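Below, each chain spelled out in residue letters.
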Amino acid sequence: MPVLVKKVLAWGSLAFLIYFMAFRPEGAAEMFRAIGGALMMMAQGLGDFLTRLMA
């Protein structure tokens, strides 16, 4: 992917994130809470896998 396209997508994503947080703070908080919960579940699953692998 060309560098210019990556830059445009990155800046566009950042602008959308700022807009979303400014005008829909409840929705943004819920989205980040859901993402955090999913990441925690994945980390817990990986930890359980590694624990059982080493046992």
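Computed from a predicted structure; not experimentally measured.

**Here we look at the packing of aromatic side chains**
Thought 1: In this structure the tally under the stated criterion is 2 aromatic pairs.
Thought 2: Ring geometry for Phe16 and Phe20: centres 5.8 Å apart, planes at 10 degrees, overall stacked. Taken together, the residues Phe16 and Phe20, both in helix α1 (residues 3-23) and 4 residues apart, mark about one turn of the helix.
Thought 3: Residue class for Phe20 comes out buried when judged on its relative accessible area of 18%.
Thought 4: A ring pair is formed by Tyr19 and Phe23, whose centres lie 4.8 Å apart and whose planes are at 45 degrees; its orientation type is tilted. Placement of the pair is Tyr19 and Phe23 together in helix α1, with a separation of 4 residues, close to one helical turn.

**Comments concerning a nonpolar patch on the surface**
Thought 1: Side chains of Met21, Met31, Phe32, Ile35, Leu39 and Met42 sit close together on the surface and give an oily, nonpolar patch of about 580 Å² of accessible area.
Thought 2: It is helix α2 (residues 25-54) that provides the largest number of residues to the nonpolar patch, a total of 5 residues.
Thought 3: Using a relative accessible area of 41% as the deciding quantity, one classes Ile35 as partly exposed.

**As for the packing of α1 against α2**
Thought 1: As a packed pair, α1 and α2 sit with axes 5 Å apart at the nearest point and diverge in direction by 120 degrees. Judged by the angle between their axes, α1 and α2 are oblique. Note on element contacts: α2 touches α1 through Pro25, Gly27, Ala28, Met31 and Phe32, opposite Leu17, Phe20, Met21, Ala22 and Phe23.
Thought 2: Residues of the contact of α1 with α2, tallied by class, amount to 9 nonpolar, 1 polar and no charged.

Basis of the calculations
- For every chain, the first residue of the written sequence is number 1, and numbering continues from 1 along that sequence.
- Since the coordinates come from a predicted model, pLDDT governs what is reported: local features require at least 70, and pairs of side-chain atoms require 80 or more to be given and counted, while whole-chain, interface and lining totals use all residues.
- To obtain the side-chain values, all non-hydrogen atoms of the structure were used and water was disregarded.
- Only the six-membered ring of Trp is used, alongside the rings of Phe and Tyr, when aromatic pairs are assigned; centres must lie within 6.5 Å, and planes under 30 degrees apart are stacked while those over 60 apart are edge-to-face, with the rest tilted.
- Strands are runs of DSSP state E lasting at least 2 residues, helices are runs of H or I lasting at least 4, and numbering of each runs from the N terminus.
- Buried, partly exposed and exposed residues are distinguished by accessible area as a fraction of the type maximum, computed with a 1.4 Å probe on protein chains only: under 20%, between the cut-offs, and over 50%, respectively.
- Here, patches come from residues exposed beyond 30% relative accessible area and free of salt bridges, joined within 9 Å for like charges and within 5 Å for nonpolar side chains (Val, Leu, Ile, Met, Phe, Trp, Tyr).
- Computed with a 1.4 Å probe, the accessible areas rest on the Shrake-Rupley method; for each residue, only the protein chains presented here act as cover.
- Any carboxyl oxygen of Asp or Glu within 4 Å of a side-chain nitrogen of Lys or Arg constitutes a salt bridge here.
- Note on geometry: axes are C-alpha line fits, over the in-contact stretch for helices, and angles between N-to-C directions span 0 to 180 degrees.
- Between 65 and 115 degrees an angle is taken as roughly perpendicular, under 35 as roughly parallel, over 145 as roughly antiparallel, and anywhere else as oblique.
- Residue contacts follow a heavy-atom distance rule, with two residues in contact if any of their heavy atoms lie within 4.5 Å.
- Nonpolar residues are Ala, Val, Leu, Ile, Met, Phe, Trp, Tyr, Cys and Pro. Charged residues are Asp, Glu, Lys and Arg, and all others, Gly as well, are polar.

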